[in-house]
Amino acid sequence: MSERIALEVPAKLSALSTVRMVLGGLGERLDFSLEDLDDLFLATDRLLQAALDAEELDHLRVDMVCGDGELQVAAGSFTSAGLRAQVAVTPGGCIDLCTLLRRLLDEVSLEEHDGSFTVVMLKRGSGNRE
Amino acid sequence: MSGRDDRRVNDPLDLKAPPGQARAFSAEDEDGGIASAGPSADPEGRGRDDSEKLDQYLLRRYHLHGDRQAREQLITMYLPLVRSLARRYASRGEHFDDLVQVGAIGLIKAIDRFDLSRGVELTTYATPNIVGEIKRYFRDKGWSVRVPRGLQELNIRLNKVIDELVPKLQRSPTIKELAEAASATPEEVLEALETSQAYNSVSLQASLNGESGEEDAGLIDYLGSEEEAYDTMEDRTTLAPGFAKLDKRERYILHLRFFEGLTQSQIAERVGISQMHVSRLIRRSLEKLREEIGDLDGSQAGRFPGADDR
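Residues numbered from 1 in each chain as written. Chains lettered and ligands numbered in written order. Predicted model: local features only at pLDDT ≥ 70, side-chain atom pairs only at ≥ 80, totals over all residues. Heavy atoms only, no water.

This paragraph deals with the pattern of salt bridges. Under the definition given, this model contains 19 salt bridges over all chains. The partner of arginine 20 of chain A in a salt bridge is aspartate 45 of chain A, with the nearest N and O atoms 2.8 Å apart. On the criterion of sequence distance, the pair formed by arginine 20 of chain A in helix α1 (residues 16–29) and aspartate 45 of chain A in helix α2 (residues 34–54) is long-range, its members being 25 residues apart. Like aspartate 45 of chain A, arginine 20 of chain A is buried. As a salt-bridge pair, aspartate 67 of chain B and arginine 61 of chain B come within 3.2 Å of each other at their nearest N and O atoms. The exposure class of aspartate 67 of chain B is buried, given its relative accessible area of 11%. The class for arginine 61 of chain B is partly exposed, based on a relative accessible area of 28%. When salt bridges with common partners are traced through the structure, they connect Arg20 and Asp45 of chain A together with Glu194 and Arg283 of chain B into a single cluster. (Salt bridge = Lys/Arg side-chain N within 4 Å of Asp/Glu carboxyl O. Helix = DSSP H or I, 4+ residues; strand = E, 2+ residues; numbered from the N terminus. Buried < 20%, exposed > 50% of the residue type's maximum accessible area, 1.4 Å probe, protein only.)

This is the structure we're talking about:
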């Protein structure tokens, strides 16, 4: 049975600590390994940092869904075309945001909503990876 | 003993030094700590007495007569000891020169607080003072924000526990396993891990980022049998935008993580450092990369030339 947590924090770097703590608590309940959590922390940090760099935001909205051995994290809504490109496209052979997210997570996708978008990231615990 | 009388005292401070003051106390002789700087390095074993006499003489000059030059000479004389002790801690990520400066404060405190009536050698008294000052520096300066001592200690304990559990479990431990092994709650573990973000990771990479040959040699030691693979990677990354700001180990670790697909534990084993250290180095390297290439076109960001041809 899935559990949904919605978190809204001020749009500043220091607030990422709060996001990590909530993610950590959920990951702990899912028996995520330390490395699973570290990957998730890093991916979330990099995405939200990029969002803060790309857009004038008042708040960061992060929705988390705790499923069966996996944690889905959705961050948005964003409107920056630059951020969208960073998340969606990689020219290959680069450690850019797109590559980072795909290396650190099991799934990454963009959900579009009338000109804005949400980045949806999925991390499975290493014991639950296909 | 005949050679002793032949020595000429070179006393720039014009102190009336006792006989036997040896050239071994020269300020230039700083390569091996007090052992080689002082007479204890004398192969004939004659130096120790000389050392004690000179120390006591200078200490007396300073404490009984307020001779500041004697104090300065003591400081100069014992700087090799400071360097020797600082070198032991240089691999922990702080700049060696910073550690020497901090250690020198411990030395000065030891000289100032030295009690002539106690009859101990200055080396004996100064060593714990110097080490204590260096340790205090790590404790206080190693954290970019103030973190409660309990959490710092739990974090240190977790580093050890992780190093023990990874080979035992053959995988990265869960938070529950860490909590159990560290005699803490999962919440405390998470909090300690979060506070580790506050640790000054800037300094972590510095241990192998220095300019001395000794530190470079340490890097080679870390790389071990992977040197050949490292060289191949190096050819590519030296041309990558932003990567010039990373040191060799940082480039190597990023390559292993993001292009070879190794886990942190696998990298830790290969490079010979802890998994936590790998985690911090990855974060720091990515941050440096981000800062460096911030103004570059995204398509060039942190590009490994040829990496997509693999």
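Further notes follow.
In this structure, serine 77 of chain A follows glycine 76 of chain A across a cis peptide bond, with omega equal to -5°. Note on placement: serine 77 of chain A falls in strand β3 (residues 70–78). Even without a glycine there, the phi angle at glutamine 170 of chain B is positive, about 60°. Secondary-structure assignment places glutamine 170 of chain B in the loop between α7 (149–169) and α8 (175–181).

What follows concerns helix α4 (residues 68–89) of chain B. Residues and elements named next belong to chain B. The terminal C-alpha atoms of α4, which comprises 22 residues, lie 30 Å apart, in line with the 32 Å expected from a rise of 1.5 Å per residue. In α4, a bend of some 40° at tyrosine 78 exceeds every other bend along the element, and proline 80, a proline, comes one to four places later. Capping the start of α4 is the job of one residue whose side-chain oxygen sits 2.9 Å from the backbone nitrogen of glutamine 69: aspartate 67. (Expected span 1.5 Å × (residues − 1). Bend = angle between axes of the 7 residues up to and from the residue. Polar contact = N/O pair within 3.5 Å; in protein donor to acceptor, adjacent residues only side chain to side chain.)

Facing 37 residues of chain B, the contacting portion of chain A comprises 30 residues. Together, the buried faces of chain B and chain A total about 2900 Å²; carbon and sulfur atoms form 54% of this surface. A per-residue breakdown of the area chain B buries against chain A is headed by Glu194, Phe258 and Arg283 of chain B, which together make up 22% of the total. For the pair chain B and chain A, the number of links is six salt bridges. Ionic pairing is found between aspartate 45 of chain A and arginine 283 of chain B, a salt bridge with its closest N-O pair at 2.9 Å. Inspection of the region where chain B meets chain A yields 16 residue pairs in polar contact (both at pLDDT 80 or more). For the side of chain B that touches chain A, the secondary structure elements donating two or more residues are α8, α9 (186–195), α12 (248–258), α13 (264–271) and α14 (275–292) of chain B. (Contact = heavy atoms within 4.5 Å. Buried area = accessible area lost by both parts, 1.4 Å probe.)

Coordinates in, geometry out; function isn't part of it.
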